[in-house]
There are 2 protein chains.
Amino acid sequence: MTENNKKGTYNPPLKGVVVLEFCQYLSGPSAGLRLADLGARVIKIENPNKGDLCRILPIKNQWVGGDSLLFHTINRNKESYTANLKSQEELDGIKNLIKKADVLIHNFRPGVMAKLGLGFDEVNKINPRLVFAEISGYGNSGPWAKKPGQDLLVQAMTGLMYASGDKDNAPTPFGLAIGDILCGLQMVQGIIAALIYRNRSGKGVKIELSLFESLLDFQFESLTTFFVSGKKPSRSAVNNAHPLLGAPYGIYECLEGHIAIAMVPIENLQETIACPGLDNYTQEMVFTHRDEIKALIADHLKSRKADYWLTLLREKGLWVMDLKDWKRMRAEEGYQKMQLEQDVNLDNGRTITTTRCPILIDKNRLLSSKSAPLLGKDTDRIKVEFKLKNLQS
Amino acid sequence: MTENNKKGTYNPPLKGVVVLEFCQYLSGPSAGLRLADLGARVIKIENPNKGDLCRILPIKNQWVGGDSLLFHTINRNKESYTANLKSQEELDGIKNLIKKADVLIHNFRPGVMAKLGLGFDEVNKINPRLVFAEISGYGNSGPWAKKPGQDLLVQAMTGLMYASGDKDNAPTPFGLAIGDILCGLQMVQGIIAALIYRNRSGKGVKIELSLFESLLDFQFESLTTFFVSGKKPSRSAVNNAHPLLGAPYGIYECLEGHIAIAMVPIENLQETIACPGLDNYTQEMVFTHRDEIKALIADHLKSRKADYWLTLLREKGLWVMDLKDWKRMRAEEGYQKMQLEQDVNLDNGRTITTTRCPILIDKNRLLSSKSAPLLGKDTDRIKVEFKLKNLQS
């Protein structure tokens, strides 16, 4: 805990909000994680056999106790309640829990919740104040509704693979689960906005979002240029970093190391690095002659080390940066001062280090050392606390 | 407008919330755009000379009227109020406006707002209920506070360039302004959560977020594996799509076209595509022999067209997808049914097509045909409406 958080006087914004998370893998659970960090109480509703399938999804074969490390990363600061939703008795218990909740999130395939009797219309009758949040791959109806809503597959559908990498490279995916993450972030926006509406009107609402729509929204700048011009932006053949931006924008290899160059006017760059041939080009040509200009600069920068160029360019106040990997990043004072890491205490006595919520509120870092729950850990306690009937375990 | 929105009966969640946006470029303005789409009234406070510098930032040299198309994309559905913040009289007008606002967002460099007399402490005295939201590159203090907070440069600082592209490729940036977008999304979360807190407690708060912290949060899964194991995930040498995932995850070139293959068990894949040599590998080897396995599959899939493989693999229910560019995507019925596009009416009579907000609320699409404002278009009207004194223009 940081000094600011030490005294426990901080009152998080979503304190008192109860969220039921019928979710697995990343998109829904990452939304639940953010809501938890903002102060909500998040209860995962899990199948008693295996639970959230992310528990058994290995990444790099890393495990913590019986669960995958990935699961622990996404599900810290939550509770776990197990119920077999195909048993009427246990389903009744869940409905009693829903009566007392503020938010329900699910990322089941379209139709699954309704089949269980837990679709929006049914649940709205049980609890008209509930915010019902639904994540899908491609929306809940229409010809794509049954396609598999998996991150890489959705990326493939959205044209996103023509933004990264150079022109002659194969289609290049974003190397993280960008669709899941964006959809989770946007769902949190929708849920909290819906809580404001609910607090004002007394009425719950249904929020829907799909991975596909999230990834389209992500490309809103590029898509608008395409809609308006009819032309697809093309990746630079040299050091592409953003298909819509002109030279010299990109990452350049040096004799040792790499440097990032952002929007630097060609004339200013030339005054500083004296690149042979670059004086034939002006600022007006940074789009029309983008790749030629970048090739000249790329060739020239290979003659000296990154540090040499960085010193020169920074003296002139130009927008450049050295590249850091995580080891170098973590060793820097600037990184350490941000206190981006936090420890989470596992049930088995072990501690793992993870990142914290990036949002600061009144200088408070939103920390939590509470680990991801063992499957069903909180079931009995929640049954007693919420007086869920007919559910002796 | 869709049928659902036609009758104008829909009451958006942030209706009545007044946001003052002291922002330029992308991170802050994209947060303002989402708040506007959720129903807030967003007033851009701009310098009377040039305004938001994004107005003159060309992308692909596309302009609409006197402003860049990019500006129009990010700033639709807002108003523009111009004030010279170095004039005491106009500053007093702004302070009067702040008294009546709910949210202030800025993305000036650290210290600039305080120097103008508009830092959190001062503004909180004027309006103790105000949510004050501050976006920076690397936080407001510490050794990195003065570094340029530009998307590509922040990417370079965070190790993000070692996630996309193949192992032997140069460090590969995400080919969109990922830091700006994520920071904008997260800031919206912080702002709306703070409004809930404010509505409950009567107290405004300060929300801080930096591009750097947003990009670290984005990498939370991978960073946690690094913190726990001390080992950096490495990109696959063959068709990398996510450094943490095993074979066959990636994009594969076929005799014609490409296919995306997500988490498909090796045995199931082998049963379907009969890849020579693949039967030497088992599911237990998808991490340890990732690149070998992927190389075999990549070689085999080149022998037939994408459609051939897709048909075979889909018959078995395996997670595969064809790659679409925007032209193909836009031609599909599944895309059209989602109604992801909306028209915006410009002051000059022209119409541009852009994307809509991806969040659906009670099946309502959050549409707005209101264009980005001309510089200072709403100044006089706002002065009258909010009774800002001593400010005859």
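Anything mentioned here points back to the structure above.
Our subject in this report is the structure included herewith.

Conventions and cut-offs
Residues numbered from 1 in each chain as written. Chains lettered and ligands numbered in written order. Predicted model: local features only at pLDDT ≥ 70, side-chain atom pairs only at ≥ 80, totals over all residues. Heavy atoms only, no water. Helix = DSSP H or I, 4+ residues; strand = E, 2+ residues; numbered from the N terminus. Core = buried A, V, L, I, M, F, W, Y, C linked by side-chain atoms within 4.5 Å. Buried < 20%, exposed > 50% of the residue type's maximum accessible area, 1.4 Å probe, protein only. Contact = heavy atoms within 4.5 Å. Pairing = 2+ DSSP bridges. Expected span 1.5 Å × (residues − 1). Axes fitted to C-alpha atoms, helices over the stretch in contact; angles between N-to-C directions.

As for unusual backbone geometry
Residue and element names in this part refer to chain A.
Then comes step 1: In the segment running from Ala 247 into Pro 248, the intervening peptide bond is cis, with an omega of 5°.
Then comes step 2: Within the element layout of this structure, Pro 248 appears in the loop between helix H10 (220–229) and strand S9 (250–253).
Then comes step 3: Residue Lys 387 is not a glycine yet carries a positive backbone phi of 50°.
Then comes step 4: You can see Lys 387 is positioned in the segment after helix H16 (379–385).

Comments concerning the nonpolar core
Then comes step 1: Counting 158 residues, the largest nonpolar core has A:Leu35, A:Phe212, A:Phe218, B:Leu35, B:Phe212 and B:Phe218 as its most contacted members.
Then comes step 2: Setting aside residues up to four positions removed in sequence, B:Phe218 forms contacts with A:Leu176, A:Ile178, A:Ile181, B:Leu160, B:Phe174, B:Ile178 and B:Leu182.
Then comes step 3: Among the nonpolar cores identified, the runner-up in size contains 25 residues, and A:Tyr252, A:Leu278, A:Ile297 and A:Ala306 belong to it.

Focus: the sheet that holds strand S15 (residues 364–365) of chain A
Then comes step 1: Taken together, eight strands build an open sheet; the order of strands is S15(A)-S14(A)-S8(B)-S7(B)-S6(B)-S1(B)-S2(B)-S5(B) and the sheet is mixed. Edge positions in the open sheet fall to S15 of chain A together with strand S5 (79–82) of chain B, since each of these has one partner strand only.
Then comes step 2: The sheet contact formed by strand S7 (residues 131–136) of chain B and strand S8 (residues 206–210) of chain B spans five bridges and is parallel. Looking at the pairing, B:Glu134 lines up with B:Glu208 of S8(B).

A word on helix H4 (residues 88–99) of chain B
Residue and element names in this part refer to chain B.
Then comes step 1: Helix length check: H4, at twelve residues, gives a terminal C-alpha distance of 16 Å against a target of 16 Å (1.5 Å per residue), a fit within 8%.
Then comes step 2: Among all positions in H4, only Leu 91, Gly 93, Ile 94, Asn 96, Leu 97 and Ile 98 are buried.
Then comes step 3: Against strand S1 (18–22), strand S2 (41–46), S5, strand S6 (103–106), helix H6 (120–126) and helix H16 (379–385) lie the buried residues of H4.

Details of the environment of A:Glu221
Then comes step 1: Mapping A:Glu221 onto the fold places it in helix H10.
Then comes step 2: Remark: the alpha-carbon pair of A:Glu221 and A:Ile74, spanning 147 residues in sequence, is separated by 30 Å.
Then comes step 3: In this view, A:Glu221 contacts A:His242, A:Leu244, B:Leu26, B:Leu70, B:Thr73 and B:Ile74; residues no more than four positions away in its chain are not counted.

Examining the sheet that holds strand S11 (residues 320–322) of chain B
All names here are of chain B.
Then comes step 1: Reading across the sheet, the three strands line up as S9-S10-S11 and stay open at both edges, with antiparallel pairing between neighbours. For this open sheet the edge positions go to strand S9 (250–253) and S11, each flanked by a neighbour on one side alone. With strand direction ignored, the average angle separating the axes of adjacent strands in the sheet is 25°.
Then comes step 2: Here strand S10 (residues 258–261) runs beside S11; their pairing, made up of three bridges, is antiparallel.

All we've got here are geometric facts, nothing functional implied.
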